[in-house]
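A closer look at the structure
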Amino acid sequence: MSPMKRRSSSLLVTLAALTLIGCGKKERPNTAADSTAGSRMADSIVATVSGFETPESVFDDVARDVYLVSNINGNPSAKDNNGYIARLTPDGIVDSLHFIQGGRGGVTLNAPKGMALAGDSLWVADIDALRIFDVVTGRSLGSVDFSAQHAVFLNDVTRAPDGSIYVTDTGIRITATGMEHPGPDRVFRVAPGGAVSVALQGENLAAPNGITWDSAGNRLLIVPNGGPNILAWSPGDSAPSVVVQGPGGFDGVETLRGGHFLVSSWDSTGVYLYDGKTLRAIATGLSSPADIGVDRKRHRLLIPLLNENKVEIRLLPR
């Protein structure tokens, strides 16, 4: 299957599922063990929390010891101002379902996806803007508008040690009739002073989705939705390099110690661990594993199941 066909397959399934989600009955937040885990390595499941609305990303806020969950709440490309960010305790209790809510208190939040922290400022990817919030109060601190750069689908965010913010543009648009890929595929940089520039651009990015800073390698890791190559790039390099190949259809990426990292894959419905040499599955049979998070203090993997409106909390393998 070509990269373009692979990308269309997983995202069109997402679109169909989103339509069903919009018509279905909303669940109240609930924590329960997954009784159907079976091949999904059920013994590692700490909790499954339901009641979300298209949860795309989970972020561990270490300083406040809570998990933040971005909820698209509908079409990932729609500027409907109904997205929100929930706050979840490590015990699997929803502390605040609408901690940050689009359309409330002067907040604009359409389809929130990846998140990153810079001090107490929470940066959130939202179609063609980065929204910035006070992570303590939820108050809006403004936004960075990418409309001048013709951003199409800002997806994941990370912060580099020099204070720069990097965000992927997957280059896709989801409409009522399907998925389009107008492109281009890019990674933007927001300098500490606020200037926006293109850090990377090209078809070799293959619809870049997840991004994170790898301190061990002093580089960015970038995982594509439309290809099998997991990429690495250090600021100043002319082009990214291939770290390892995998199943493709990637979404989230998180680093661990020693240059190891985790990636989620829609195409293989799993989460993989890179041990410095190869990728191996550590969770399988997952429906729509989106932008994963890691609780390093408790050695946990945090998995948003986008089409199931759930977040799954698992123990990482030792």
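Residues numbered from 1 in each chain as written. Predicted model: local features only at pLDDT ≥ 70, side-chain atom pairs only at ≥ 80, totals over all residues. Heavy atoms only, no water.

1. Overview of the environment of valine 58
In this structure, valine 58 sits in strand E3 (residues 55–61). Once the C-alpha coordinates of valine 58 and leucine 88 are considered, the two residues, 30 residues apart in sequence, prove to be 9.5 Å apart. Beyond its immediate sequence surroundings of up to four residues, valine 58 is in contact with Tyr67, Leu68, Val69, Met115, Asp291, Ile292, Gly293, Leu302, Pro304 and Val311. (Helix = DSSP H or I, 4+ residues; strand = E, 2+ residues; numbered from the N terminus. Contact = heavy atoms within 4.5 Å.)

2. Let's talk about the pattern of salt bridges
Here the structure, examined in full by the defined rule, presents 13 salt bridges. In this structure, aspartate 65 engages arginine 298 in a salt bridge whose closest nitrogen and oxygen atoms are separated by 2.8 Å. Of this pair, aspartate 65 sits in the loop between E3 and strand E4 (66–71) while arginine 298 sits in the loop between strand E25 (293–295) and strand E26 (300–305), placing them 233 residues apart in sequence. According to the relative accessible area criterion, aspartate 65 is partly exposed, its value standing at 27%. With a closest N to O distance of 2.6 Å, glutamate 312 and arginine 314 form a salt bridge. (Salt bridge = Lys/Arg side-chain N within 4 Å of Asp/Glu carboxyl O. Buried < 20%, exposed > 50% of the residue type's maximum accessible area, 1.4 Å probe, protein only.)

3. Details of the side chain of lysine 113
Mapped onto the secondary structure, lysine 113 falls in the loop between strand E6 (94–101) and strand E7 (115–118). Nearest to the buried, unbridged lysine 113 among oppositely charged side chains is aspartate 126, at 5.5 Å. Within the local environment of lysine 113, its side chain forms a polar contact with the backbone oxygen of alanine 111, the two atoms lying 3.0 Å apart. Ignoring any residue separated from it by four or fewer positions in sequence, one finds lysine 113 in contact with Glu56, Ser57, Ser70, Ile72, Pro76, Val124, Ala125, Ile127, Phe153, Leu154 and Asn155. (Lys, Arg positive; Asp, Glu negative; His and termini not counted. Polar contact = N/O pair within 3.5 Å; in protein donor to acceptor, adjacent residues only side chain to side chain.)

4. Considering the sheet that holds E4
The four strands lie next to each other as E3-E4-E5-E6, forming an open sheet whose pairing is antiparallel. Each of the sheet's edge strands pairs with one partner strand only, and the pair in question is E3 and E6. Here the average twist between neighbouring strands, direction ignored, is 25°. For E3 and E4, the ladder comprises six bridges, and the chain directions are antiparallel. Counterpart to phenylalanine 59 in the pairing with E4 is leucine 68. (Pairing = 2+ DSSP bridges. Axes fitted to C-alpha atoms, helices over the stretch in contact; angles between N-to-C directions.)

5. Here we look at unusual backbone geometry
In this chain, glycine 183 is followed by proline 184 through a cis amide linkage whose omega measures -5°. Take proline 184: it is sitting in the loop between strand E14 (179–180) and strand E15 (186–190). Positioned with a positive phi, alanine 207 is a non-glycine residue whose angle comes to about 60°. Structurally, alanine 207 can be placed in the loop between strand E16 (196–201) and strand E17 (208–214). We note that histidine 299 has phi near 60°; this positive angle belongs to a residue other than glycine. Take histidine 299: it is sitting in the loop between E25 and E26.

By themselves these figures say nothing about function.
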